[in-house]
Amino acid sequence: MSKNTIILGIETSCDETSVAVVKNGREVLSNIISSQIESHKRFGGVVPEIASRHHVEQITYIVEEAMAKADIQVEDVDGIAVTEGPGLVGALLVGVNASKALAFAWDKPLIGVHHIAGHIYANHIVEELDFPLLSLVVSGGHTELIYMKEHASYEVIGETRDDAVGEAYDKVARTLGLPYPGGPHIDRLAHEGKPVIDLPRAWLEEGSYDFSFSGLKSAVINTLHNAKQRGEEWSKEEIAASFQASVVDVLVTKAMRAAEDKKVDRLVLAGGVAANKGLRAELTEACGKAGLKLTVPPLELCTDNAAMIASAGTFLYWNGNFADDRLNGQAGLLLK
Amino acid sequence: MNILAVDTASYVMGVALLKDGNPLGEIVTHQKKNHSVRLMPAIRTLFSETDMKPGDLDRIVVSEGPGSYTGVRIGVTTAKTMAWALNIPVIGVSSMEMLAQNARYFQGVISPFFDARRGQVFTGLYRSEGGRIIQEEEDRITMHKDWLQLLKEKEEPVIFLSPDIGQHASLIKEELGEWATAASSIGNLPRPLELAAAGMDKEPGDSPHTFSPNYLRMAEAEAKWLEANKKNKED
Ligand SMILES: [Zn+2]
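Residues numbered from 1 in each chain as written. Chains lettered and ligands numbered in written order. Predicted model: local features only at pLDDT ≥ 70, side-chain atom pairs only at ≥ 80, totals over all residues. Heavy atoms only, no water.

As recorded by an unreviewed UniProt entry, chain B carries the name tRNA threonylcarbamoyladenosine biosynthesis protein TsaB and is attributed to Salipaludibacillus aurantiacus.

As named in an unreviewed UniProt entry, chain A is tRNA N6-adenosine threonylcarbamoyltransferase, taken from Salipaludibacillus aurantiacus. UniProt annotates chain A under Sequence similarities (unreviewed entry) with the comment "Belongs to the KAE1 / TsaD family." The record in UniProt for chain A states the following under Subcellular location (unreviewed entry): "Cytoplasm". (UniProt positions renumbered as here; feature names shortened; annotations may be inferred.)

Pasting the structure below:
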């Protein structure tokens, strides 16, 4: 038996076809990401059928490239880890069925990984996870606070009741006439403007760790509308800065309160919106004040990638937690 | 030649194995159940029942479409990835050509089809020559009514084969009358051993990497986008 564990990870839950090779859950030997963003841009969002078609065209190329870059042979692979959900079902099915084919052809164990678990484990690649910890997950489809007492154990203590953070960013960006995807544009504009508009913060009931962003999005639209009727105008920079201030305030405040209540010393940021500079800066400052250790993955590990799936899958491999031939893509898979 | 054949283009799910060109076995179901969940268990069962190993294969044959987008993708993804992993060729056979094999001894033309919603069908036209199925009109998506008019002008007997025959039978009778022949209930269902046989003589393409489904139709969003852009240019 080899001392090292080498996992091939596959991720196709949305518009990135990604395959990675990860050693012992932390060492990224390769992490190939083929983005389809250019094909979806003209539609103003990801078109599921087109995403699925691209995945089929790309999948074996990317597996081959990942193995070549990692300089490994089939014999070196200990297991195949794949995102089983949540995500776009047609897109997930390509990764899942390709992984089953590889596992069967090469006689390797198959591991099903939850996409959000993957995002959290992007942090393990940066700096080994220690427990208990709290993870703030923010992406186009997710806004969650997750408590972990040990590896591969997840307790969702707060989640969004309507829009995910990334969704709210995209909607506000559209209102401002910014191109898709809007998140990075708002982040950039926010740094050039001042948060002069007083937008609401949805704190919800006392003690709740849940989030709500649909009201904020409507408030932005109403503010723009009212200003227009009075013949006034806010700059895009001011609107972006005010919107971002509200989002970041709620995220940081809730995360810090949860960290205190749950008595954790470690906070990890996960998901595509973790690339947001405003959020990174505020969270870094708050964690510094509270004496919490914070990890934020670098950009290429924040957005969807297979290295994070291979990393999370490594712990399932070590626990002997394998999937069988009936593994399926599940759009609404819950994190357990 | 040792061949694995995989078909998930319609609600029928079929896998077959050939050893030295001879049938070893097949697993077929005709139920509207999840292909993604059931395909790999069927493949593994068939291999173990026939004492075959993936490494024994010389090629994989798959129905490449037309058909259900998701269904075709499940079969094609499985087939091309397995072929790449085993370093063997993958061969695509039209799901219409596969179905046409069922009428090998019919004197006349063969019209296999799948329902494609809103009065449309995926279809093509084939003929049997000396026991071999050859294509006469290429596969397409079309209004079934228009297709039947085209067939009527041929003034030849036509046999219709389709797992969706039920919902189209009266229209066929109406348009073609005596020219139309109905298949037996079994003849309407695609068979994986026929797929394997049809793929045995075909030349493989460059590599599994470039192999993808033949959808015969753009994604709806893309078609709409092109339409809108054409209009913008004209304005
Ligand atoms: Zn993600």
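Novice: Looking at this model, I keep getting lost on the UniProt feature "binding site: substrate" (unreviewed entry) in chain A. Mind explaining?
Specialist: All names here are of chain A. Sites flagged by UniProt as "binding site: substrate" (unreviewed entry) map to Val137, Val138, Ser139, Gly140, Gly141, Asp170, Gly183, Asp187 and Asn276. Lining the largest pocket, from the set of annotated residues above, are Ser139, Gly140, Gly141, Asp170, Gly183, Asp187 and Asn276. Take Gly183: it is sitting in helix α6 (residues 183-192). Ignoring anything within four residues of it in the chain, the contact list for Gly183 reads Tyr169 and Asp170. Within the fold, Asn276 resides in the loop between β9 (266-270) and α9 (277-290). Given the relative accessible area of 6%, Asn276 is considered buried. (1 Å grid on protein atoms, 1.4 Å probe; cavity = no way out; pocket = protein on both sides within 12 Å on 5 of 7 lines; lining within 4 Å. Helix = DSSP H or I, 4+ residues; strand = E, 2+ residues; numbered from the N terminus. Contact = heavy atoms within 4.5 Å. Buried < 20%, exposed > 50% of the residue type's maximum accessible area, 1.4 Å probe, protein only.)

Novice: What is the right way to read the side chain of His209 of chain B from this model?
Specialist: If you trace the backbone, His209 of chain B turns up in the loop between α6 (192-200) and α7 (220-234). Aside from chain neighbours lying at most four places away, what touches His209 of chain B is Glu57, Thr60, Tyr61 and Glu64 of chain A together with Lys80 and Trp84 of chain B.

Novice: Looking at this model, I keep getting lost on the interface of chain B and chain A. Mind explaining?
Specialist: By a frequent convention, interface size equals the accessible area lost on bringing the separate parts together. With 34 residues of chain B at the interface, the matching set in chain A holds 29 residues. For the pair chain B and chain A, the summed buried area comes to about 3,100 Å², and 64% of that belongs to carbon and sulfur atoms. When the buried surface of chain B facing chain A is broken down by residue, Arg73, Trp84 and His209 of chain B rank first, second and third, together holding 20% of it. Put simply, chain B and chain A have three salt bridges between them. Between Glu222 of chain B and Arg42 of chain A there is a salt bridge whose closest N-O contact spans 2.8 Å. Elements supplying a minimum of two residues to the side of chain B that touches chain A: α1 (35-49), α2 (69-86) and α7 of chain B. Of the residues assigned to the side of chain B that touches chain A, the class counts are 20 nonpolar, nine polar and five charged. (Buried area = accessible area lost by both parts, 1.4 Å probe. Salt bridge = Lys/Arg side-chain N within 4 Å of Asp/Glu carboxyl O. Nonpolar A, V, L, I, M, F, W, Y, C, P; charged D, E, K, R; others polar.)

Novice: In this structure, what is going on with empty space enclosed by the protein? I would like to understand it.
Specialist: Unoccupied space between atoms shows up once a probe the size of one water molecule is rolled over them. Inspection of the entire model under this criterion finds one cavity of 30 Å³ or more. If you add up the space inside the largest cavity, you get close to 40 Å³. Put simply, the parts of the chain that give the lining of the largest cavity at least two residues each are α3 (89-106) of chain A together with α2 of chain B. When grouped by side-chain class, the residues that make up the lining of the largest cavity number three nonpolar, four polar and one charged. (Points joined across faces, edges and corners; volume = space filled by probe spheres on them.)

Novice: Sorry, what's going on with the domain arrangement of chain B here?
Specialist: Residues and elements named next belong to chain B. According to the domain assignment, chain B consists of domain 1 (3-95 + 190-225) and domain 2 (96-182). Spacing between the C-alpha centres of domain 1 and domain 2 amounts to 23 Å. On the domain 2 side, the residues contacting the 21 residues of domain 1 number 18 residues. Of the roughly 1,700 Å² buried at the junction of domain 1 and domain 2 (both faces included), carbon and sulfur atoms supply 58%. Where domain 1 touches domain 2, the interface holds three salt bridges. Measuring nitrogen to oxygen at the nearest pair gives 3.0 Å for the salt bridge that ties Lys202 to Glu97. (Domains from an automatic or database assignment.)

Novice: What am I meant to see in the nonpolar core here?
Specialist: Considering soluble globular proteins, one finds that nonpolar side chains tend to be buried as a cluster. By size, the foremost hydrophobic cluster in this structure holds 73 residues, and its most contacted members are Leu8, Ile80, Leu102 and Trp106 of chain A together with Leu4, Ile43 and Met82 of chain B. Sequence-distant contacts of Ile43 of chain B, defined by excluding residues within four places in its chain, comprise Phe104 of chain A together with Leu4, Val6, Val15, Thr78 and Met82 of chain B. Within the second largest apolar cluster, 49 residues are counted, among which are Val165, Phe243, Val252 and Val264 of chain A. (Core = buried A, V, L, I, M, F, W, Y, C linked by side-chain atoms within 4.5 Å.)

Novice: Would you take a moment to explain the layout of surface pockets for this structure?
Specialist: Put simply, the largest pocket is a space of about 1,400 Å³. Of all the secondary structure elements, the ones that give two or more residues to the lining of the largest pocket are α4 (115-126), β8 (155-159), α5 (165-175) and α6 of chain A. In the lining of the largest pocket, the residues fall into 17 nonpolar, 17 polar and twelve charged. Here the lining of the largest pocket spans two domains, and each of domain 1 (6-120 + 302-318) and domain 2 (130-297) of chain A adds at least three residues to it. Each pocket or cavity is described by its volume, and for the second largest pocket that value is around 930 Å³. For the second largest pocket, the lining is made up of 33 residues, of which Gly67, Ser68, Tyr69, Arg117 and Arg217 of chain B are closest to its centre.

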